[in-house]
Every structure is written in C-alpha cells, then in structure tokens.
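A structural walkthrough
Each chain is listed here by its residues.
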Amino acid sequence: MKKRGDGLAALAFLSPSIVTFVIFVLAPTLGVLYLSFYDWNLLSDGTFVGLDNFERLASDERLLRVYGSTAYMALVILAVNVVLGLLLAVLLEAKMPRLLRGFFRLSFLFPFVVSASAVALIWRFLLNKDLGLVNWFLGSLGIDRIDWLGSSVWAPISVIIVNSWKTIGFSILVYIAGLQAIPGALKEAAIVDGANAWTRFWRITFPLLSPTIFFLVVINTINSFQIFAEPRVLTQGGPGDASRTIVEYLYDRAFGDFDLGYASAIGITFMLILIVLTAIQFRFSRRWTFYE
C-alpha cells in the first residue's frame, strides 16, 4: 500500500511536466509526422502522397547547402560557448573585488535574458556597413569597412558573433556553478604538493568539471543548430544561402511557399539528425567524462 501511495504521489508531482510534454512536444511532433505524408498548402484539403516528401529531400540541392551553412555556424558557436565560456568562467572565479565580479557576471548574463530578435535588431544597426558603430571603430583604427551583412563570407560570421554574444552568458553561469562545486580541499592539497595553476586545472578542475562540459556540449549543440532569429533579422539568410539555417529554410518552405508537407518532412529528418548527434555525444562522453 505504501509503495502504491508513493507511486501515486510521484505521478501527481510529475503530472504538470507530463501534461506539458504531451501538449507542447509529443502532440506537435506527431502532427508534423502526420503532415509529412501529405501535400498541403494551408488552403485546400491535403492530399496523401506517402513518402514523396521524403524522396524530394534527396534531390533538393539547396537543402544540402543550407545544412552546410547551418553546420558551419552551429559548430563555431558551439566551440565559442564551450571553450571561451570556460575561459571566462575561470577568469570570473579568480580573485577580484566582489562588486566587480558581480558586474561582469551580470554583463555576460544580461544578453541571454533579452529577446533574440531584439538583440539581432540592435546588432543589425551596429554592423551596418555605412552607419554602424563597428565599422566606425574599425575605420578609426585604419581598417577598411567590412560588409558584415552583405558578404557571403562575413554574413555567417556576423550571425556567429551575435548568437555567441547572446548565449555565452548561460554557459558561463553553468560553468561557475560547476567550478564552485569542486571541493577546495583538493586544490589546496595540490598546491601543497607543488602543482602549478596549469597542472591543477588539467588534473583537478577539468576532470571534475567534465560532466558540466558534457552538459553544455549537448545543450549548445541542440540550440546552435536551431538558431533562427539572428539570421532572420540580420541577413534574411543571405546573401544567397550563405547564412541561412535549416530552421529558417523550413520556415520559408512552410509559410513562404505554403508547402507544409515538405517542410514537415524536413523537420522530421532534422529532428532525427539531432537525436543521432546527441546519441553520439553520449556514447563518446564515457571516454572523457568523470563522475565522482
């Protein structure tokens, strides 16, 4: 009877999360899967086409280019968040006045809580080729103006800069929590043994921080592959498809071309790719992730 009561209590506590998952995750996913077998333009009745939408994926050369641009931007954003985020977190945990440390933490975290569209809109003005403050500053250094938003080389870099600037605060916050969880006695023992700062980092900090690093790798991989607002507001995916992401391409096919069936097929395959990437990360994490 006690076990049954515990099970009912657990179910009651989990019910809000279960209901939220069913309504906002499971039901939409099943709906998208259903639509992927139809040809539907939002106006007329859908026509069942079976696997035709998935067969179209193989012949869509533009989709392959968009996957390439998405992967390029996502992997660089991932590296910035994981590597630079760790460096900044370690620096913020160094000895400095408490007020100054709080100021830097707030400065890095503030962009994360601001709307992505608002951030992108502000940076669109800052990166303007003729009137932007960034080019004005570069000009004062004797550097020629850069076409941040209109060049196929610089447009994806602009998206990377803006998204990284917005999201790195979350990684820093998680890293700081992980660093503060490391027992100080271990570092003190290493200092007594004569270990320098570099040795203490690689022998103590990094191994004990590896679960945190793994968590951020997984979360940032998923988030960086799904960026939408930054390229949409900054460059509209251009020039060409140089800065277009797969989510933006999916949106254009669904609500620009009114081809919801094909857009749903793209969404399903994209979801499967992210699941595979996450599974690979979990598989290889066993080799370098250390749990106490």
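Residues numbered from 1 in each chain as written. Predicted model: local features only at pLDDT ≥ 70, side-chain atom pairs only at ≥ 80, totals over all residues. Heavy atoms only, no water.

As named in an unreviewed UniProt entry, the protein is Sugar ABC transporter permease, taken from Paractinoplanes lichenicola. According to the UniProt record, the Sequence similarities (unreviewed entry) comment for the protein is "Belongs to the binding-protein-dependent transport system permease family." Annotation of the protein in UniProt includes, under Subcellular location (unreviewed entry), the sentence "Cell membrane". (UniProt positions renumbered as here; feature names shortened; annotations may be inferred.)

What follows concerns the overall build of the protein. Counting secondary structure elements, the protein contains 12 helices and 2 strands. The helix and strand sequence of the protein, counted from the amino end, reads α-β-β-α-α-α-α-α-α-α-α-α-α-α. Within the protein, the fraction of its 292 residues that count as buried is 37%. Residue pairs at least 24 apart in sequence account for 67% of intrachain contacts in the protein once pairs closer than 6 positions are excluded. Summing over all exposed atoms, the protein offers an accessible surface of approximately 17400 Å²; the carbon and sulfur share of this is 70%. If you average the places of the 23 positive and of the 20 negative side-chain charges in the protein, the two averages end up 13 Å apart. (Helix = DSSP H or I, 4+ residues; strand = E, 2+ residues; numbered from the N terminus. Buried < 20%, exposed > 50% of the residue type's maximum accessible area, 1.4 Å probe, protein only. Contact = heavy atoms within 4.5 Å. Areas by Shrake-Rupley, 256 points an atom, 1.4 Å probe, with all protein chains shown as cover. Lys, Arg positive; Asp, Glu negative; His and termini not counted. Charge placed at Lys NZ, Arg CZ, Asp CG, Glu CD.)

In this structure's numbering, the residues bearing the UniProt feature "domain: ABC transmembrane type-1" (unreviewed entry) are residues 67-281. Across residues 67-281 one finds 77% helix and 0% strand; the C-alpha atoms that close the span lie 19 Å apart.

Those places that UniProt annotates as "transmembrane region" (unreviewed entry) correspond, in this numbering, to residues 7-35, 71-91, 103-126, 153-177, 208-229 and 260-280. End C-alpha atoms of residues 7-35 are separated by 37 Å, and the span's content is 100% helix alongside 0% strand. Annotated as 100% helix and 0% strand, the span residues 71-91 places its first and last C-alpha atoms 30 Å apart.

With respect to the helices and strands, serine 285 occurs in helix H12 (residues 260-285). According to the relative accessible area criterion, serine 285 is buried, its value standing at 6%. Within the structure, serine 285 has its side chain in polar contact with the backbone oxygen of phenylalanine 282 (distance 2.7 Å). (Polar contact = N/O pair within 3.5 Å; in protein donor to acceptor, adjacent residues only side chain to side chain.)

Next up on the list: the nonpolar core. The biggest cluster of nonpolar side chains holds 21 residues, and the ones touching the most others in it are Val82, Ala89, Ile172, Tyr175, Leu209 and Ile213. If you list the elements that add at least two residues to this core, you get helix H3 (61-92), helix H7 (154-180) and helix H9 (197-225). For this core, the element with the highest residue contribution is H9, accounting for 7 residues. One finds Ile77, Leu127, Trp148 and Val159 within the second-largest nonpolar core, a separate group that totals 16 residues. (Core = buried A, V, L, I, M, F, W, Y, C linked by side-chain atoms within 4.5 Å.)

Let's shift gears to the layout of surface pockets. Looking at the largest pocket, its volume works out to about 520 Å³. Taken together, 21 residues line the largest pocket, and the ones lying closest to its centre are Val32, Leu250, Gly267, Ile268 and Met271. Among the elements that take part in the lining of the largest pocket, H12 stands out by supplying 9 residues, more than any other. Classifying every residue of the lining of the largest pocket gives 16 nonpolar, 5 polar and no charged. Taken as a whole, the second largest pocket spans an internal volume of roughly 390 Å³. Forming the boundary of the second largest pocket are Val90, Glu93, Ala94, Leu179, Gln180, Lys187, Ile191, Ala197, Trp198, Arg200, Phe201 and Thr205. (1 Å grid on protein atoms, 1.4 Å probe; cavity = no way out; pocket = protein on both sides within 12 Å on 5 of 7 lines; lining within 4 Å. Points joined across faces, edges and corners; volume = space filled by probe spheres on them. Nonpolar A, V, L, I, M, F, W, Y, C, P; charged D, E, K, R; others polar.)

Before going further, it helps to spend a moment on the side chain of threonine 205. Mapped onto the elements of the fold, threonine 205 is located in helix H9. Accessibility expressed as a relative area gives 8% for threonine 205, which makes it buried. Not counting the four nearest positions on each side in its chain, threonine 205 is found in contact with Leu179, Ile182, Lys187 and Arg200.

Below, the discussion takes up the packing of helix H2 (residues 52-59) against H12. Helix-helix packing is described using two parameters, namely the angle between the two axes and the distance between the axes. Remark: H2 packs on H12, axes separated minimally by 9 Å, with the N-to-C direction vectors making an angle of 70°. Considered as vectors, H2 and H12 are oriented roughly perpendicular to each other. Residues Asn53, Phe54, Arg56 and Leu57 of H2 lie in contact with H12, whose contacting residues are Gly261, Tyr262, Ala265, Ile266, Ile268 and Thr269. Looking at the contact of H2 with H12 residue by residue, the class counts come to 6 nonpolar, 3 polar and 1 charged. (Axes fitted to C-alpha atoms, helices over the stretch in contact; angles between N-to-C directions. Parallel < 35°, antiparallel > 145°, perpendicular 65-115°, else oblique.)

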